[in-house]
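# Chain and residue survey
Now for the letters of each chain:
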Amino acid sequence: MSPQVWVALLVGIAAIVEDLARRRISNWIPCAAFVGGLAAQFLAHGWRGVGSGLLGSLAGFLVFLIFYVLGGMGGGDVKLMAGFGAVLGVKKLLEAALWTAACGGLIAAAVIALGSLRAFWTASRPAVSGASEAAISGMRQSKTIPYAPAIAAGVWLSLVPKM
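Now for a quick tour of the structure. (Residues numbered from 1 in each chain as written. Predicted model: local features only at pLDDT ≥ 70, side-chain atom pairs only at ≥ 80, totals over all residues. Heavy atoms only, no water.)

### Some remarks on the environment of Asp 77
The test is simple: Strands here mean DSSP runs of E at least two residues long; helices mean DSSP runs of H or I at least four residues long; both are numbered from the N terminus. Exposure is judged per residue with a 1.4 Å probe applied to protein chains only, and the accessible area is read against the type maximum: over 50% gives exposed, under 20% gives buried, and values in between give partly exposed. In what follows, a contact means two residues having at least one pair of non-hydrogen atoms within 4.5 Å.
Mapping Asp 77 onto the fold places it in helix α4 (residues 75–124). By relative accessible area, Asp 77 is classed as buried at 10%. In this structure, the C-alpha to C-alpha distance between Asp 77 and Ala 148, residues 71 residues apart in sequence, is 6.5 Å. Leaving out residues up to four positions away in the same chain, Asp 77 has contacts with Asp 19, Ile 25, Phe 64, Tyr 147, Ala 148 and Ile 151.

In structure tokens form, the structure reads like this:
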């Protein structure tokens, strides 16, 4: 496996674990992606690879910055995609962003479906005595979806060799 694949796998796993467990992505994770990505680019393509990694990082930051400004994504997700941009380079970044959007859509659909099933299950059971209306309505509020799994999956899918 290439150094880029190793960096993408290790950073992706770290990001997924932390985002699911703590609902945040620590700064060391995108920094590790950035540094590891630039090193992998240099090993694979020399200084031209470093330039591509820097442009990929900038492109990843700018593409996801739009969603951050619109309130649909957290800052850690933006930094993570910028770090992965260094791993992928500018040419692979667009493909990874498209895969990420598709994976994010599938994850969102699954979360909505599970929420609907949970609401149906809760509504069909007899009311629990002592449960306040505030607690019940708090359970029904929509929650944010951790996006690191979609980002990592999109990056990984972009690294799969095409035939």
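After that view, the rundown keeps rolling.
### Section: helix α1 (residues 3–22)
This is how it is decided: Any helix carries an expected span of 1.5 Å times its number of residues minus one.
Compared with the 28 Å implied by 1.5 Å per residue over 20 residues, the 28 Å span of α1 between its first and last C-alpha is a close match. Residues of α1 that are buried make contact with α2 (28–45), α4 and α6 (148–158). Where α1 ends, the next residue or the one after it, Arg 23, has phi of about 60 degrees, a positive value.

### Describing the side chain of Ser 158
What counts is decided by this rule: Under the rule applied, a polar contact is a pair of N or O atoms within 3.5 Å (in protein, one hydrogen donor and one hydrogen acceptor; residues adjacent in sequence only if both atoms are side-chain atoms).
Within the secondary structure, Ser 158 sits in helix α6. On the basis of relative accessible area, Ser 158 is assigned to the buried category, the value being 0%. A polar atom in the side chain of Ser 158 sits 2.7 Å from the backbone oxygen of Val 155. Among all residues touching Ser 158, those that are not within four sequence positions of it are Leu 88, Lys 92, Glu 95, Ala 96 and Trp 99.

### So, unusual backbone geometry
The phi torsion at Arg 23 lies on the positive side, around 60 degrees, for a residue other than glycine. Within the secondary structure layout, Arg 23 lies in the loop between α1 and α2.

### Some thoughts on the packing of α1 against α2
Relative orientation and spacing of two packed helices are given, respectively, by the angle between their axes and the distance between those axes. In plain terms, the rule: Here, axes are lines fitted to C-alpha atoms. For helices the fit covers the stretch in contact, and angles between N-to-C directions go from 0 to 180 degrees. Roughly parallel here means an angle under 35 degrees, roughly antiparallel means over 145, roughly perpendicular means 65 to 115, and every remaining angle is called oblique. Residues are grouped as follows: Ala, Val, Leu, Ile, Met, Phe, Trp, Tyr, Cys and Pro are nonpolar; Asp, Glu, Lys and Arg are charged; every other residue, Gly included, is polar.
Where α1 contacts α2, the two axes come as close as 9 Å, and the packing angle between them is 170 degrees. On the basis of their axis angle, the class for α1 and α2 is roughly antiparallel. Only Trp 28, Ile 29, Ala 32, Ala 33, Gly 36, Gly 37, Ala 40, Gln 41, Leu 43, Ala 44 and His 45 of α2 make contact with α1, whose side of the interface consists of Pro 3, Gln 4, Val 7, Val 11, Ala 14, Ala 15 and Glu 18. Taken together, the residues that form the contact of α1 with α2 break down as 12 nonpolar, 5 polar and 1 charged.

### Some points on helix α3 (residues 47–69)
Structurally, the α-helix is built with 3.6 residues per turn, so residues lying three or four positions apart point the same way. End to end, α3 covers 33 Å across 23 residues, agreeing with the expected 33 Å (1.5 Å per residue, within 8%). Looking at the packing, one finds that the buried side of α3 touches α2, α4 and α6.

### Some words on the side chain of Ser 26
Mapped onto the fold, Ser 26 is located in the loop between α1 and α2. A distance of 2.5 Å separates polar atoms of two side chains, one belonging to Ser 26 and the other to Glu 18.

### With respect to the pattern of salt bridges
Think of it this way: side chains of opposite charge can pair up when their charged atoms draw near. Threshold: What makes a salt bridge here is a side-chain nitrogen of Lys or Arg within 4 Å of a carboxyl oxygen of Asp or Glu, nothing more.
The full count for this structure, using the stated rule, is 2 salt bridges. Of the charged contacts in the structure, one is a salt bridge between Glu 95 and Lys 92, with a shortest N-O distance of 3.6 Å. Here Lys 92 and Glu 95 lie together in helix α4, a separation of 3 residues that amounts to about one turn.

### What to know about the nonpolar core
Which entries qualify depends on this criterion: Among buried residues, the Ala, Val, Leu, Ile, Met, Phe, Trp, Tyr and Cys ones that are joined through side-chain atoms within 4.5 Å form a nonpolar core.
Counting residues in each nonpolar core, the largest one holds 24 residues, and the members touching the most others are Val 11, Phe 64, Leu 80, Met 81, Phe 84, Ile 151 and Val 155. For this core, the elements supplying multiple residues, two or more each, are α1, α2, α4 and α6. In terms of residue count, the dominant contributor to this core is α4 (10 residues). Not counting residues within four places of it along the chain, the set of residues in contact with Phe 84 comprises Ala 8, Val 11, Gly 12, Ala 33, Ile 151 and Val 155.

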